[in-house]
Amino acid sequence: MIGLDTNVLLRWLIDESIWPDDNPGQTAAVARLLGDDRKTFFVNAIVLAETLWVLLHPMKQPRAVVLSVLDRLLSLANVDVEHRDAISAARSAMATSKSGIHDRLIAAINAQAQCAFTATFDRAAGATPGFKLLEAKG
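Residues numbered from 1 in each chain as written. Predicted model: local features only at pLDDT ≥ 70, side-chain atom pairs only at ≥ 80, totals over all residues. Heavy atoms only, no water.

Peer 1: I'd like a rundown of the packing of aromatic side chains, residues and numbers included.
Peer 2: Applying the stated criterion to the full structure yields zero aromatic pairs. The ring of tryptophan 12 carries arginine 72 above its face, with NZ or CZ at 5.8 Å from the centroid. (Phe/Tyr/Trp six-rings, centres within 6.5 Å; stacked < 30°, edge-to-face > 60°. Lys NZ or Arg CZ within 6 Å of the ring centre and 35° of its normal.)

Written as structure tokens, this is what we have:
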């Protein structure tokens, strides 16, 4: 199994319709590596979170594109995604609500780890199922 870093995953998932290819050599290297059906790849939760952040912020991609990228990644037989069930649950929740994918990922991964809730001071996250807003007193 081969672990993938964020920059490799982005080069693989993003085509020129979303972002111009600024390094065709890297894109070709990624295509060669990931085009080998005999190899399997691992995407950990941190790499996925970074990838989603890049898509949503610097690339300013709409939710539909982010959902499509997640669907593509989760459907690949030769890619093992860490916390796949939690990520799939977060993806489903994101499709039906306005809460952010990162908060959904945190809540789903923590729930999978048997956490009763996730404590936060973030008001937006506090409104997300699985979170509990902590009130600072004093």
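Let us keep going from here.
Peer 1: So, the pattern of salt bridges: which residues are in play, and what are the values?
Peer 2: Using the criterion set out here, one finds five salt bridges in the structure. Close ionic contact of arginine 11 with aspartate 22 constitutes a salt bridge, the shortest N to O distance being 2.8 Å. Taken together, the residues arginine 11 in helix H1 (residues 6-13) and aspartate 22 in the loop between H1 and helix H2 (24-34) connect sequence positions 11 residues apart. We note a salt bridge from aspartate 36 to lysine 39, for which the minimum N-O separation is 3.6 Å. On the basis of relative accessible area, aspartate 36 is assigned to the buried category, the value being 14%. (Salt bridge = Lys/Arg side-chain N within 4 Å of Asp/Glu carboxyl O. Helix = DSSP H or I, 4+ residues; strand = E, 2+ residues; numbered from the N terminus. Buried < 20%, exposed > 50% of the residue type's maximum accessible area, 1.4 Å probe, protein only.)

Peer 1: Break down the packing of H1 against H2 for me, citing the residues and quoting the values.
Peer 2: In the contact formed by H1 and H2, the axes pass within 9 Å of each other and the chain directions differ by 90°. Relative to H2, the element H1 is oriented roughly perpendicular. Here Val8, Arg11 and Trp12 of H1 come into contact with H2, specifically with Gln26, Thr27, Val30 and Leu34. (Axes fitted to C-alpha atoms, helices over the stretch in contact; angles between N-to-C directions. Parallel < 35°, antiparallel > 145°, perpendicular 65-115°, else oblique. Contact = heavy atoms within 4.5 Å.)

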